[in-house]
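Take a look at the letters that make up each chain.
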Amino acid sequence: MVKHIILWRLRSELSASEKREKALAIKQGLEGLLGQVPGLKEIHVLIDGVLESSNADIMLDSTLESQEALRGYAVHPAHVAVADGVVRPNTELRTCLDYEF
């Protein structure tokens, strides 16, 4: 099994209401991938409860069945559509941690 964890910071020029709107769209888009991407076992996007001490706004916590499944997830058309359509245009910083367990 592979954990794929991403932290994003939303674009600083967005207002608080725009950040909320974009975060909800990112959450909906990414969590909607469950059942569409082979090997994707779990996917959760955290947007609520983030403390002011944080330097990220959104966390993706996903589980895939293998490194091969992770590579497939990265190029899957449904994932690419969400990444290009709602994630990348609204974020300015991305940090990733992938690990096997």
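S.K.: Just to check I follow, could you spell out the overall build of the protein for this structure?
M.R.: Within the protein one finds 3 helices and 4 strands. Walking the protein from its N terminus toward its C terminus, one meets helices and strands in the order β-α-β-β-α-α-β. For 101 residues, the compact-globule estimate of 2.2 N^0.38 gives 13 Å, and the C-alpha radius of gyration of the protein, at 13 Å, lies within 12% of that figure. Of all 101 residues assigned to the protein, the portion counted as buried reaches 36%. Accessible surface, the protein as shown: approximately 5,900 Å² in total, 53% of it carbon and sulfur. Distance between charge centroids for the protein: 2 Å, based on 11 positive and 15 negative side chains.

S.K.: Is there a simple way to explain the nonpolar core in this structure?
M.R.: Most often, soluble globular proteins have nonpolar side chains that are buried together. By size, the foremost hydrophobic cluster in this structure holds 24 residues, and its most contacted members are Leu30, Leu33, Ile58, Leu60 and Tyr73. Secondary-structure elements contributing two or more residues to this core are β1 (2-10), α1 (16-31), β2 (40-46), β3 (58-64), α2 (67-75) and α3 (77-87). In contact with Leu60, not counting residues within four places along its chain, are His4, Ile5, Ile6, Trp8, Leu30, Ile43, His44, Val45 and Tyr73.

S.K.: For this particular structure, what's the right way to read the side chain of Thr91?
M.R.: Among the structural elements, Thr91 can be located in strand β4 (residues 91-100). Under the relative-accessibility criterion, Thr91 is labelled buried at 9%. Filtering out sequence-adjacent residues up to four positions away, Thr91 remains in contact with Trp8, Arg9, Leu10, Arg11 and Ile26.

S.K.: What is the right way to read the packing of aromatic side chains from this model?
M.R.: Centre distance and the angle of the planes are the two values used to describe a pair of aromatic rings. Going through the model one piece at a time under the given rule, you end up with 1 aromatic pair. When the centroid spacing of 6.3 Å and the interplanar angle of 55° are considered together, the rings of Tyr99 and Phe101 count as tilted. Look at Tyr99 and you get partly exposed, because its relative accessible area is 36%. Owing to a relative accessible area of 55%, Phe101 belongs among the exposed residues under this scheme.

S.K.: For this particular structure, what's the right way to read the packing of α1 against α3?
M.R.: For the pair α1 and α3, interaxial distance at closest approach is 10 Å and the crossing angle is 175°. Here α1 is positioned roughly antiparallel relative to α3, judged by the angle of their axes. On the side of α1, the interface is formed by Ala25, Ile26, Gly29 and Leu30, while α3 contributes His79, Val82, Val86 and Val87. Residues belonging to the contact of α1 with α3 are distributed by class as follows: 6 nonpolar, 2 polar and no charged.

Criteria and cut-off values
- Residues numbered from 1 in each chain as written.
- Predicted model: local features only at pLDDT ≥ 70, side-chain atom pairs only at ≥ 80, totals over all residues.
- Heavy atoms only, no water.
- Helix = DSSP H or I, 4+ residues; strand = E, 2+ residues; numbered from the N terminus.
- Rg over C-alpha atoms; globule rule 2.2 N^0.38 Å.
- Buried < 20%, exposed > 50% of the residue type's maximum accessible area, 1.4 Å probe, protein only.
- Areas by Shrake-Rupley, 256 points an atom, 1.4 Å probe, with all protein chains shown as cover.
- Lys, Arg positive; Asp, Glu negative; His and termini not counted.
- Charge placed at Lys NZ, Arg CZ, Asp CG, Glu CD.
- Core = buried A, V, L, I, M, F, W, Y, C linked by side-chain atoms within 4.5 Å.
- Contact = heavy atoms within 4.5 Å.
- Phe/Tyr/Trp six-rings, centres within 6.5 Å; stacked < 30°, edge-to-face > 60°.
- Axes fitted to C-alpha atoms, helices over the stretch in contact; angles between N-to-C directions.
- Parallel < 35°, antiparallel > 145°, perpendicular 65-115°, else oblique.
- Nonpolar A, V, L, I, M, F, W, Y, C, P; charged D, E, K, R; others polar.

Purely geometric stuff here, so don't read any function into it on its own.
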